[in-house]
Structure formats: structure tokens, C-alpha cells
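Coordinates in review
The lines below spell out each chain.
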Amino acid sequence: MKDVLIFVEGIADFKFIQDYIRYLFDVKLGKDRIVEIGGCNQELLNKSALSFRENTDKGGTNLLIFDADDNFEEKIKGLEIAKKALGLEFEIFLFPNNELPGDLEILLCNIINLRHNDIFECWKNYENCLQSSENSYTLPARKTKIYAYLEALVGRSNSQKEKIKERNRNYRNTEHWNLDIDYLHPLKTFLHPHFITT
């Protein structure tokens, strides 16, 4: 394995990437190899610039895995501008699939164990009910949908509810998630050269 340093926005991204890499390559990375930046802007990238540069100087590879948010092309362009302005070296992957707008939660919605798709069908009915109401209700965030999915599966006690929190989730639990699904192929392709030696 090459000397890889991965930069993510927050704890949810950290935990997913940590579990996915462990699942794919049997490599456990900690906070020394996966760095939470806290968001996505040039100021936050600048605060982590030393880590980027130190890893580059010792021959390592920097990977930046962020949300695409509302505009994939705009996010890539902004990151490339920041990269050049700060003189940093890194490869970019944007959730959900390095092609479309979105975020980690869209990716997670696409990798649930389909045995539990009923939970998402119920959620869709809930959202439709809110939208059709005469009152102008706000639809819950996708983070809430993922939380509700897990709570329906394991939320029977306080100790089980702890497993639902972003920092405690187990994405390698095949009862809840399918890490072999084709939807993850772009991320697998992005990570593969950095963790498999030929």
C-alpha cells in the first residue's frame, strides 16, 4: 500500500470511508490517515495545507473525498482553483458517484440492503404526505432519512441507538448495507490503485 492520506469533510464521511477501505482492502485507517477538514472551502483547505504538503514531500498521495453538493462541475472547478492557489497536490472524488450532484447520504440511500427497502417506501409516503399538506412543511434532510433507516433496524434500546450515530455506524454490516453493489464501482475504482500493489 502506498502512503495515502485521505481528506474528508466530517465524521460521517470518515466512518464510511474507513469501513469501506477496511471492507475492500482489509486495511484499517485511523485519524492519522483519514483527516476531517470540517467542510469544503479554501480557508479550511488552507488550514490543512501543511498535512497535504508533508505527505506530498515524503512521496505520499493525497486523496480528497468531498460531497458534490448541488453542482458537480462547480465543485470540481472550485477545488481545482483552491488546489492551484494553495499549491497543493491531491486527487478528487466527489460523493455520491464522482459524476452527479449530491452527497454521502445519496450514496448511502443507494447501498442499503434491499431486504429493508420497505423502510424507504414508508419514508417516501411520509414525504409525500408532507408535500401534499396544505401547510408548508419542510422535508427532513437526507441525514434524517438515513438515521430513521437505521433506527428502524436497531433502535430498540439506548445502547442500540448509539450504533445509529454517524461516528458509531458499521457500514460493513451486510444486514444493513451492500458494499458490493455496482453503485460503489466509481469509488472502488478511485481507491483501488492506492491500496492494491501489483
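Residues numbered from 1 in each chain as written. Predicted model: local features only at pLDDT ≥ 70, side-chain atom pairs only at ≥ 80, totals over all residues. Heavy atoms only, no water.

**Remarks on the overall build of the protein**
A tally of regular secondary structure across the protein gives nine helices and four strands. Here the protein has a C-alpha radius of gyration of 18 Å; the compact-globule value for 198 residues is 16 Å, and the two agree. Oriented by its inertia axes, the alpha-carbon framework of the protein measures out at about 55 × 35 × 30 Å. Here the protein holds 198 residues, and the buried ones make up 44% of them. Taking all contacts inside the protein whose residues are at least 6 apart in sequence as the whole, residues at least 24 apart take part in 71%. Accessible surface, the protein as shown: approximately 10900 Å² in total, 47% of it carbon and sulfur. Side chains of the protein give 26 positive and 31 negative charges; the mean places of these two sets differ by 5 Å. (Helix = DSSP H or I, 4+ residues; strand = E, 2+ residues; numbered from the N terminus. Rg over C-alpha atoms; globule rule 2.2 N^0.38 Å. Buried < 20%, exposed > 50% of the residue type's maximum accessible area, 1.4 Å probe, protein only. Contact = heavy atoms within 4.5 Å. Areas by Shrake-Rupley, 256 points an atom, 1.4 Å probe, with all protein chains shown as cover. Lys, Arg positive; Asp, Glu negative; His and termini not counted. Charge placed at Lys NZ, Arg CZ, Asp CG, Glu CD.)

**Regarding the sheet that holds strand β3 (residues 61–67)**
Strand order in the open sheet formed by four strands is β2-β1-β3-β4, with parallel pairing between adjacent strands. In the strand order of this sheet, the two ends are held by β2 (34–36) and β4 (91–95), each with one partner. When the angles between neighbouring strand axes are averaged without regard to direction, this sheet yields 20 degrees. Lying over the sheet, helix α9 (residues 185–195) contacts β1 (4–8), β3 and β4, oriented at roughly 150 degrees with respect to β4. (Pairing = 2+ DSSP bridges. Axes fitted to C-alpha atoms, helices over the stretch in contact; angles between N-to-C directions.)

**Comments concerning the packing of helix α1 (residues 11–25) against α9**
Where α1 meets α9, the closest approach of the two axes is 11 Å, and the angle between their N-to-C directions is 65 degrees. Here α9 runs roughly perpendicular to α1, going by the angle between their axes. Seen from above, α1 lies across α9 with right-handed handedness. Within the contact between the two elements, α1 uses F16, I17, Y20, I21, L24 and F25 and α9 uses L187, K188, L191, H192 and F195. (Parallel < 35°, antiparallel > 145°, perpendicular 65-115°, else oblique. Left-handed = near helix turned anticlockwise from the far one by under 90°.)

**Notes on the nonpolar core**
Judged by nonpolar contacts, the single largest core of 39 residues is most densely connected at I6, F16, I17, L187 and L191. Among the elements of the structure, β1, α1, β3, β4, α5 (104–109), α6 (117–132), α7 (142–154) and α9 are those that each provide at least two residues to this core. For this core, the leading source of residues is α1, giving seven residues. Counting residues in hydrophobic clusters, the runner-up holds 19 residues, among them L5, I37, A82 and L88. (Core = buried A, V, L, I, M, F, W, Y, C linked by side-chain atoms within 4.5 Å.)

**Focus: the pairing of β3**
Among the seven residues of β3, seven are classified as buried, and the element is accordingly described as predominantly covered. Note: β1 against β3, five bridges, orientation parallel. Counterpart to I6 in the pairing with β3 is L63. Considered for its hand, the β-α-β crossover made up of β3, helix α4 (residues 72–86) and β4 is right-handed. (Right-handed = clockwise from strand over helix to strand, strands pointing away.)

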